[in-house]
Amino acid sequence: MIKIAHLSKRYHGAASAALDDVSLTIDRGHVFGLLGPNGAGKTTLISILTGMLQKDVGDIRVGDLSLDRDLPAIRRRIGYVPQQLAFYPSLTAGENLRIFSTLSGGSGEQIRFSVETANLGRHLDQAAGTLSGGLQRRLNLAIGLLGKPDFLLLDEPTVGVDPQSRHFLIQTIRSLAQQGITVLYTTHYMDEIERACERIAILDHGRIIAEGPLKTLLAQGDANLEALFLRLTQHGTRDD
Amino acid sequence: MARFLALCSKELLLLLRDKHGLLVLFVVPASFILIMSLALQDAFNPQSMLRIHVAISNLDGGQLSHTLEKALRESPGLEITATGDAQVHVRILKGFSELLATRYDFADDYIQGESEPTLLQVSYSPGIPPQLKAAVALTLRQVVQSVQSDYLLETVLGYPRDKIRLLRYVNDPRHLPIAENFVAQNGHRMQAPTSVQQNVPAWLIFAIFFTVIPLATTFVIERGQGSLLRLRALNVTAVELFASKALPYYIVNMVQMLLMLAIGIWLVPLLGGDRLTLGQSPAGLWLIGSATSFAAISLALLVAVVVRTTVQATIAGGAISLILAALGGIMVPKMVMPPAMQRLTEISPMAWSLDGFWAIVLRQGGWQDVLPQAGMLMLFGLLSLTFAGYFYRHHQ
């Protein structure tokens, strides 16, 4: 379980808080969808969870560990899949997996688990930069799985891939949750959230504006998740 | 330890697959060593420095003009050549022989301020260095004076020829009994410095400092594509990260050193250049090479954490290396710089390193003799590393 309580963060010189009194609970073995417009605070939340960013106030517990006291141990139990393709394009997929596996304290068994889960077996000798977009996303996920983590943080893991690869990735994530892995999933694709997540939270301007089981939130009269999202976050674009 | 080795092997693999990086680190400096050692070979050879190509036009045709022409041909500093190839064109003007033979008759007039008629007209090509121009002028004056004094002694004063030969011998500066040699730091006599001994250490140092470009570029790419983020999420600390980059590049720098020294020892002589002599202290070479590597890698890490794009990394890395090289006597030997510029070289770590290498290969010193230069380089490296660490934490 991941438990976040009263988490706040304001960047130096910023007019408003990036995260403002955010509280969330993500149950073990569930896929939790975190939605929000650009700049809502999703990446800030994930950066704090991975210890990349310092929080101002609040309490975060990952399993039985406290982020304040046990960051190195938490990092060992978390698999992080950033939005970027965070591997070395000039190395082969196999070399990337071996290097990151050693860094994760993993073993050959865990490399096999990652390769099988992401179905990369036929591409291990190929330079990572020459893989197709879908395979690169699968490699990105496979590296995140190397330490056989209990918790998986996925930051828009399906950006720029075709429907087949998206389908594969979502199925894989559901399967991982069924194996007991707790997943925090951020994306802009509403259909992915509907297919993958049991519970969601919508983050806007650093605050949680809706949170609960997906079915409960959709029962408020909106036609679908996108309609609910636009009703709560307004229609205006956020990048202007 | 396994984590550190994994990071190091990652860095080595990235470098081995970076063709441009390898080109910059190995092929470019090796080419510079070959080109510059051969091109500057004559500049370091006092004999060949004075081989000036001179064309002679004898418009006089008299006996003394022929004697002068013969004396110029025999002059060791001059190479008589066709007009088109000449750096200096000497015209023996009409009336030369008669004027030289009778010049003493008019000595009183000349002393009282009458202007003397011109004997020779000397034209210099615009590209001739001032030192060579002065050397040619001196040689011409000596040869003309010698021809004239021989004529006066023999014809006017009636000296016998064998006496004149003796006089000529003792007056020739080349026959003065002066012993010249180069003395090493330890007091032992050593060989004259050659172009290869200037250029091999110089371009080796340049190559080591060019580490800045591939190291900084790789770092920027890692940061841009999120690998650095992932490494941090895997508990990789700044110390681990920096050390795992430093060790592979240190190995690369040592390979560069061995390769460049080998080129100086074996390849340059095959192409007609001088052979590099290494001195007597492998430990001293290793020490100054290692200190240079540490300074260069630390500077590379500083550049890496400060710049934001690969273009910035390439431009900043290249510009810093070129400026330090130009200042440090790498591109232009310090010995040919004016005194003010020679003092300015002392601000460049490349100059400290070059001085350290020369302490071994030129001055035949031991490892103790490079301690001051190695110390300065280590200090420079530590300062760069401190700033790199500060900026890394600050930017992240």
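Residues numbered from 1 in each chain as written. Chains lettered and ligands numbered in written order. Predicted model: local features only at pLDDT ≥ 70, side-chain atom pairs only at ≥ 80, totals over all residues.

1. Examining the overall build of chain B
Item 1. Secondary structure assignment for chain B yields 17 helices and 6 strands.
Item 2. Principal-axis analysis of the C-alpha atoms gives chain B an extent of 100 × 40 × 40 Å.
Item 3. When the 396 residues of chain B are sorted by exposure, 37% land in the buried category.
Item 4. Within chain B, residue pairs in contact and separated by at least 24 positions form 81% of the contacts whose partners lie at least 6 positions apart. (Helix = DSSP H or I, 4+ residues; strand = E, 2+ residues; numbered from the N terminus. Buried ≥ 20, exposed ≤ 12 C-beta atoms within 10 Å, placed from the backbone. Contact = placed C-beta atoms within 7 Å.)

2. A word on the overall build of chain A
Item 1. A tally of helices and strands in chain A yields 9 helices and 10 strands.
Item 2. Here the C-alpha coordinates of chain A stretch approximately 50 × 40 × 35 Å along the principal axes.
Item 3. Each of the 240 residues in chain A was classed as buried or not, and the buried ones make up 45%.
Item 4. For chain A, long-range pairs separated by at least 24 residues make up 70% of all intrachain contacts whose partners lie at least 6 apart in sequence.

3. Looking at the confidence of the model for chain B
Residues and elements named next belong to chain B.
Item 1. For chain B, the mean per-residue pLDDT works out to 85, and 94% of the residues sit at or above 70.
Item 2. Per-element averaging of pLDDT across chain B places helix H3 (residues 46-49) at the bottom with 56 and helix H13 (residues 282-306) at the top with 94.
Item 3. Prediction confidence for the complex, expressed as pTM and ipTM, is 0.77 and 0.82 respectively. (pLDDT = per-residue confidence, 0-100.)

4. A look at the interface of chain B and chain A
Item 1. With 18 residues of chain B at the contact, the number on the chain A side is 18 residues.
Item 2. Elements supplying a minimum of two residues to the side of chain B that touches chain A: helix H1 (2-16) and helix H11 (227-233) of chain B.
Item 3. When its residues are assigned to classes, the side of chain B that touches chain A shows 9 nonpolar, 4 polar and 5 charged. (Nonpolar A, V, L, I, M, F, W, Y, C, P; charged D, E, K, R; others polar.)

5. As for the nonpolar core
Item 1. With 143 residues, the main nonpolar core has Val 183 of chain A together with Ala 216 and Ala 304 of chain B as its most contacted residues.
Item 2. Here this core gets 15 residues from one element, more than from any other, and that element is H13 of chain B. (Core = buried A, V, L, I, M, F, W, Y, C linked by C-beta atoms within 7 Å.)

6. Let's talk about the sheet that holds strand E1 (residues 52-58) of chain B
All names here are of chain B.
Item 1. Spatial ordering of the open sheet is given by E2-E1-E3-E4, a layout of 4 strands whose pairing is mixed. In this open sheet, the two strands that pair with only one neighbour each are strand E2 (78-80) and strand E4 (120-124). Between one strand axis and the next, the sheet turns by 30 degrees as a mean value, whatever way the strands run.
Item 2. One ladder, built from 3 bridges, connects E1 with E2; its direction is parallel. What sits directly across from His 53, in E2, is Glu 79.
Item 3. On top of the sheet, helix H4 (residues 63-74) reaches E1, E2 and strand E3 (88-92); it is set at about 165 degrees to E1, its chief contact.
Item 4. Helix H7 (residues 130-156) contacts E1, E2, E3 and E4 of the sheet and is inclined by roughly 165 degrees relative to E4. (Pairing = 2+ DSSP bridges. Axes fitted to C-alpha atoms, helices over the stretch in contact; angles between N-to-C directions.)

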